[in-house]
Amino acid sequence: MQCTRKVTDSIYWVGGNDRRLALFENIFPIPRGVSYNSYVILDEKTALMDTADFSISRQFMENVAYALGGRDLDYMVIDHMEPDHCANIQMLKEKYPNVKIVGNAKTFQMIGQFYDLDLADEDKVVVKEGDTLELGSHTLTFVMAPMVHWPEAMVSYEVSEKILFSADAFGSFGALDGRIFNDEIHFERDWMDDARRYYTNIVGKYGAQVQMLLKKASALDIRMICPLHGPIWRSDLNVLLTKYDQWSKYEAEEKGVLIIYGSMYGNTEGVAGALSVKLADAGVKEMAVYDVSKTHMSELIAEAFRYSHIVLACPTYNGGIYPPMDALLHDMKALNMSNKVFAVIENGTWAPASGRLMTAVLETLKGCSVLDTKVTVKSTLKPDKEAELDALCQAITASL
């Protein structure tokens, strides 16, 4: 049975959802599942905009056939070759042998890596920046978007209806529930956290490349954005574009304090808790506290992008940084964390070293600074450390 919706009178959403998948890319928890969006354009010629993940192939193929209504498929546009969007290329080519596959040079290189498809020249339409594809009253213009977030990525702009098919840009975790448009949901309340976590962990490393894409997009008259994951944007586009501009510039959304602690037996947790109370007494309202051992890394990264000031507190472990905190620092560096103010709290029963080691990593992050004020605890928080905690609190609030 078909499960499609009209995007416009001549464009259908033919995607689907996976609510069974626990980990996106086998890394990131997705308790609300994920959508795989794909679109069919009906004109003198028909075009499919990307495919879907193998997990929903049956539903996807039924949706495509329903949208085509017995017509042949003329073009299959591949904006992005990641397997959650390209898994059905071979199946579609077998079902619609006359279809021409549209992509750039790197697209076809990757098709050869994923599939044993013997594509003749007449089976391919190789495009580059600014090339167009005429479907009838619809015209697709192709815009290259390398490293957003794969090297072959591109986006497609449909001129007549002013729609940007944006590949993995402007996407979100979360399955769609029949409501596929942003004005049918409460995005700020129900979707923003998933959109932020999606961007920061999947695309976050490539801020400069996202800025290049935003610059290209600003030259287009865009009425609607159709991403490959999450809701379609047909109103209030500036909400999404403003967030992407902030995130890709590594600008904090909140002037506030994020405290992330690691604690083996609760002693370092106690220090982090004491600091949070002092900050609250000092009037800091935007604040969050997380256990690095319990909270998934993707959530911590998303929150780190969100806040302007970050306090890291952990014990020394085997002469080094507490392993979960060490992993977080590695992820921060890998994802190009920038423009933050950090503070550190260290613990160690006989030889505290984690503060110095964390600072050494943080100082390598672009545009980041580490407050000179540091708290060192040996084993447990004692009354004589009150002055150090007060000084750290004052340094943070002064910086805010």
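Residues numbered from 1 in each chain as written. Predicted model: local features only at pLDDT ≥ 70, side-chain atom pairs only at ≥ 80, totals over all residues. Heavy atoms only, no water.

## Thoughts on the UniProt feature "domain: Flavodoxin-like" (unreviewed entry) in the protein chain
Step number 1: Under the feature "domain: Flavodoxin-like" (unreviewed entry), the UniProt entry names residues 257-397.
Step number 2: The annotated region residues 257-397 carries 41% helix and 25% strand content, and the separation between its end C-alpha atoms amounts to 9 Å. (UniProt positions renumbered as here; feature names shortened; annotations may be inferred. Helix = DSSP H or I, 4+ residues; strand = E, 2+ residues; numbered from the N terminus.)

## Considerations on the sheet that holds strand β1 (residues 5-8)
Step number 1: Pairing within the open sheet is mixed, and its 7 strands lie in the order β1-β2-β7-β8-β9-β10-β11. The open sheet has two edge strands with one neighbour each: β1 and β11 (124-126). Taking each pair of neighbouring strands and ignoring which way they run, the sheet shows an average axis angle of 25°.
Step number 2: Looking at chain direction, β1 and strand β2 (residues 11-13) are connected through 3 bridges and run antiparallel. Across the sheet, Arg5 pairs through a bridge with Trp13, a residue of β2. (Pairing = 2+ DSSP bridges. Axes fitted to C-alpha atoms, helices over the stretch in contact; angles between N-to-C directions.)

## Structural notes on the environment of Glu346
Step number 1: Relative to the helices and strands, Glu346 is located in strand β21 (residues 341-347).
Step number 2: Classification of Glu346 as buried rests on a relative accessible area of 5%.
Step number 3: Taking C-alpha positions, Glu346 is 52 Å from Phe60, a pair spaced 286 residues apart along the chain.
Step number 4: Beyond its immediate stretch of four places on either side in the chain, Glu346 contacts Cys314, Pro352, Ala353, Ser354, Gly355, Arg356, Lys374, Val375, Thr376 and Val377. (Buried < 20%, exposed > 50% of the residue type's maximum accessible area, 1.4 Å probe, protein only. Contact = heavy atoms within 4.5 Å.)

## What about the packing of helix α6 (residues 192-203) against helix α8 (residues 237-248)?
Step number 1: Orientation of α6 relative to α8, taken along the N-to-C sense of each, is 40°, at an axis distance of 11 Å. Judged on the interaxial angle alone, α8 and α6 are oblique. In this structure, α6 crosses over α8, and the sense of that crossing is right-handed. For the pair α6 and α8, the contacting residues are Met192, Ala195, Arg196 and Tyr199 in the first and Lys243, Tyr244, Trp247 and Ser248 in the second.
Step number 2: Residue composition of the contact of α6 with α8, by class: 5 nonpolar, 1 polar and 2 charged. (Parallel < 35°, antiparallel > 145°, perpendicular 65-115°, else oblique. Left-handed = near helix turned anticlockwise from the far one by under 90°. Nonpolar A, V, L, I, M, F, W, Y, C, P; charged D, E, K, R; others polar.)

## Focus: the sheet that holds strand β16 (residues 224-226)
Step number 1: One open sheet accounts for 5 strands, arranged β12-β13-β14-β15-β16; its pairing is mixed. Both outer strands of the open sheet, β12 (132-134) and β16, are each paired with one neighbouring strand and no more. Neighbour-to-neighbour, the strand axes of this sheet turn through a mean angle of 20°, independent of strand direction.
Step number 2: One ladder, built from 3 bridges, connects β12 with strand β13 (residues 139-144); its direction is antiparallel. Looking at β13, one finds that Thr132 is bridged to Thr141.

## Quick look at the side chain of Glu158
Step number 1: Within the secondary structure, Glu158 sits in strand β14 (residues 154-158).
Step number 2: One buried charged side chain, Glu158, makes no salt bridge at all; its nearest oppositely charged neighbour is Arg223, positioned 7.4 Å away.
Step number 3: Once residues within four sequence positions are removed from consideration, Glu158 is found in contact with Ser137, His138, Thr139, Leu140, Ile163 and Phe165. (Lys, Arg positive; Asp, Glu negative; His and termini not counted. Salt bridge = Lys/Arg side-chain N within 4 Å of Asp/Glu carboxyl O.)

## Considering the pattern of salt bridges
Oppositely charged side chains may form a pair once their charged atoms are brought near each other.
Step number 1: Enumeration over the complete set of coordinates arrives at 22 salt bridges.
Step number 2: Close ionic contact of Lys278 with Asp390 constitutes a salt bridge, the shortest N to O distance being 2.8 Å. With Lys278 in helix α9 (residues 267-281) and Asp390 in helix α13 (residues 386-399), this pair connects stretches of sequence that are 112 residues apart.
Step number 3: With relative accessibility at 16%, the residue Lys278 sits in the buried group.
Step number 4: Overlapping salt bridges bring together Arg5, Asp183, Glu184 and Arg234 as one network.

## Focus: α9
Step number 1: The terminal C-alpha atoms of α9, which comprises 15 residues, lie 22 Å apart, in line with the 21 Å expected from a rise of 1.5 Å per residue.
Step number 2: For α9, the full list of buried residues reads Thr268, Val271, Ala272, Leu275, Ser276, Lys278 and Leu279. In an axial view of α9, the angular spread of the buried residues amounts to 165°, which keeps them on one side of the axis.
Step number 3: Structurally, α9 contributes buried residues whose contacts are with β17 (254-261), β18 (287-291), β19 (307-317), β21, β23 (375-377) and α13.
Step number 4: Positive backbone phi, at 100°, marks Gly283, one or two positions downstream of α9. (Expected span 1.5 Å × (residues − 1). Arc of directions from axis to C-beta.)

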